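# Coordinates in review
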Amino acid sequence: MTITDIPLQAYLVVAAMLFCIGVWGLINSRNAVRVLMSIELMLNAVNLNMMAFSSYLDGSQVRGQVFAVFIITVAAAEAAVGLAILLSLYRNRDTVDMEQFNLLRW
Amino acid sequence: MSLALSTQLICFLLLSGALLLGALGVVLLPNVVYSAFLLGGVLLSMAGLYLLLNASFVAAAQVLVYVGAVNVLILFAIMLVNKRQPMRPMGGLLLRRLLSVGVCLGLLALLVQVALTTPWALPGPPSIGEAALTRIGEHFFTDYLLPFEVASVLLLMAMIGAIVLARRDVLARDVVTGEPADQALLERRRPPFLPSQGGSSPSAPSPQ
């Protein structure tokens, strides 16, 4: 079956919107858990791009799907380590407010 | 997937609408628990979009890894660090938000412009449909074998690293003096590493 009805650009635009929402959340969240969730949103947006390209431009050799699986792997590792860092940070600073993690600020 | 074209279009619109609304909710809702549950919804809609794109294996991996593992991990983290105190107010927050909205809209305009004006090599080769699963397996064990193995090493490193970072220091002996460590001290609340610069009183004991 060939995909002809939904244009490739529709997927790309949705992924771009999701990525921008993720960037906004990354900049503006003060809860550190929400920052991690925003990073997950951005990774998912990139994954959607990968899958769209894999399906539309590389339909016989689906290399985009392989890359997407690798991205999912790395994202799982990132979430585990990030949340562990967050727990350790919470024990030391007793807060999850990003504005108070300013030890390295000049 | 062999769906009718109109069904595909309706599914795409519904899924992307749920995706974008859920993502906005993740970012904007004040309660972070609601955000975590909405993140699960976003990840599920993403899996639906993968199914629309003939990628059933990645959709299953997305549901297993993201919804089943990462989202549950985030919920556990929220449960562990759930501190119901309002964030300290700070000046210039509204200005910062508006500025970042501008920046993000600019980025969005740039990305959409690139997506719409690039002459993509369409139509590509015909899609192999459900045979993609066997093709992914061939890729994993032939030309992407090294990244596949490195990914397993990365997962092992992340697992050990997460355990090392998140555990409490339960040591039988003090490292410096060699004396037996007082285990009763370990379950007590540690003093903060640095005094927090807010107005939070340090004398509020909370069970950990």
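Residues numbered from 1 in each chain as written. Chains lettered and ligands numbered in written order. Predicted model: local features only at pLDDT ≥ 70, side-chain atom pairs only at ≥ 80, totals over all residues. Heavy atoms only, no water.

What follows concerns the overall build of chain A. The number of helices and strands found in chain A is three helices and zero strands. Tracing chain A from N to C terminus, the helices and strands come up as α-α-α. Scaling as 2.2 N^0.38, a compact globule of 106 residues should have a C-alpha radius of gyration of about 13 Å, whereas chain A reaches 18 Å, well beyond that. For chain A, the C-alpha atoms occupy an extent of roughly 55 × 25 × 20 Å along the three principal directions. Relative to its 106 residues, chain A shows a buried fraction of 65%. (Helix = DSSP H or I, 4+ residues; strand = E, 2+ residues; numbered from the N terminus. Rg over C-alpha atoms; globule rule 2.2 N^0.38 Å. Buried < 20%, exposed > 50% of the residue type's maximum accessible area, 1.4 Å probe, protein only.)

The next thing to look at is the overall build of chain B. Per the secondary structure count, chain B includes seven helices and zero strands. When the helices and strands of chain B are read in sequence order from the N terminus, they spell out α-α-α-α-α-α-α. Buried residues in chain B amount to 25% of all 208 residues. Nonlocal contacts in chain B, meaning residues at least 24 apart in sequence, comprise 42% of its contacts between residues at least 6 apart. Put simply, chain B shows about 13,200 Å² of open surface, and 73% of that area lies on carbon and sulfur atoms. (Contact = heavy atoms within 4.5 Å. Areas by Shrake-Rupley, 256 points an atom, 1.4 Å probe, with all protein chains shown as cover.)

Our next topic: helix α2 (residues 32–52) of chain B. Residues and elements named next belong to chain B. Across its 21 residues, α2 extends 30 Å between first and last C-alpha, which sits within 8% of the 30 Å expected from 1.5 Å per residue. The N-cap residue of α2 is asparagine 31: its side-chain oxygen and the backbone nitrogen of valine 33 are 3.1 Å apart. Immediately downstream of α2, the backbone of asparagine 54 shows phi near 65 degrees, a positive value. (Expected span 1.5 Å × (residues − 1). Polar contact = N/O pair within 3.5 Å; in protein donor to acceptor, adjacent residues only side chain to side chain.)

Counted under the stated rule, the structure contains zero disulfides over all chains. Sulfur of cysteine 20 of chain A: no disulfide; nearest cysteine sulfur belongs to cysteine 104 of chain B and is 5.9 Å away. On the basis of relative accessibility, which here comes to 6%, the residue cysteine 20 of chain A falls in the buried class. (Disulfide = S-S within 2.5 Å.)

Once that is clear, we can look at the packing of aromatic side chains. What describes a pair of aromatic rings is the distance from one ring centre to the other and the angle between the planes of the rings. Scanning the model with the defined rule gives seven aromatic pairs over all chains in all. Ring centres of phenylalanine 70 of chain A and phenylalanine 140 of chain B lie 5.5 Å apart, and the angle between their planes is 75 degrees; this geometry places the pair in the edge-to-face category. Here phenylalanine 70 of chain A is found in helix α3 (residues 63–93), whereas its partner phenylalanine 140 of chain B is found in helix α5 (residues 132–141) on a different chain. When sorted by exposure, phenylalanine 70 of chain A lands in the same class as phenylalanine 140 of chain B, which is buried. Plain terms: the ring middles of phenylalanine 141 of chain B and phenylalanine 148 of chain B are 5.2 Å apart, the flat faces sit at 65 degrees to each other, and that makes the pair edge-to-face. (Phe/Tyr/Trp six-rings, centres within 6.5 Å; stacked < 30°, edge-to-face > 60°.)

Before going further, it helps to spend a moment on the interface of chain B and chain A. Taken residue by residue, the interface counts 93 residues in chain B and 80 residues in chain A. Regarding the contact of chain B and chain A, the summed buried area is about 8,200 Å², with carbon and sulfur atoms giving 72% of it. For the pair chain B and chain A, the interface holds one salt bridge. Residues glutamate 99 of chain A and arginine 96 of chain B are paired through a salt bridge, measuring 3.1 Å at the closest nitrogen-oxygen approach. Counting across the interface, chain B meets chain A through 14 residue pairs in polar contact (both at pLDDT 80 or more). Only α1 (5–28), α2, α3 (56–80), α4 (93–117), α5 and α6 (145–166) of chain B provide two or more residues apiece to the side of chain B that touches chain A. In terms of residue class, the side of chain B that touches chain A is built from 69 nonpolar, 15 polar and nine charged. (Buried area = accessible area lost by both parts, 1.4 Å probe. Salt bridge = Lys/Arg side-chain N within 4 Å of Asp/Glu carboxyl O. Nonpolar A, V, L, I, M, F, W, Y, C, P; charged D, E, K, R; others polar.)

What follows covers α3 of chain A. Taking 1.5 Å of rise per residue, 31 residues should cover 45 Å, and α3 of chain A covers 44 Å from first to last C-alpha, within 8% of that figure. Just downstream of α3 of chain A, aspartate 94 of chain A is the residue with a positive phi angle, here 65 degrees.

Okay, the nonpolar core next. Grouped together as the largest cluster of nonpolar side chains are 69 residues, with contacts concentrated most on Tyr11, Leu41 and Leu48 of chain A together with Ile74 of chain B. Listed by contribution, the elements that provide at least two residues to this core are α1 (8–28), α2 (32–56) and α3 of chain A together with α1, α2, α3, α4 and α5 of chain B. The residues touching isoleucine 74 of chain B, leaving out its near neighbours within four places in the chain, are Val33, Met37, Glu40 and Leu83 of chain A together with Ala36 and Leu39 of chain B. (Core = buried A, V, L, I, M, F, W, Y, C linked by side-chain atoms within 4.5 Å.)

What follows covers unusual backbone geometry. Look at aspartate 94 of chain A: it is not a glycine, yet its phi comes out positive at around 65 degrees. Note on placement: aspartate 94 of chain A falls in the segment after α3. With a phi close to 65 degrees, asparagine 54 of chain B is a non-glycine residue in the positive phi region. Judged by its relative accessible area of 6%, asparagine 54 of chain B is buried.

Attention now moves to the confidence of the model for chain B. All names here are of chain B. A residue-level look at chain B finds 79% of positions with pLDDT of 70 or above and a mean pLDDT of 83. Across chain B, element-level confidence peaks in α2 with a mean pLDDT of 94 and bottoms out in helix α7 (residues 183–186) with 51. Taken together, the stretch residues 198–208 has pLDDT below 50 and engages in ten contacts with residues farther than four places along the chain or on a different chain. In the predicted complex, the global pTM is 0.83; the interface-specific ipTM is 0.90. (pLDDT = per-residue confidence, 0-100.)

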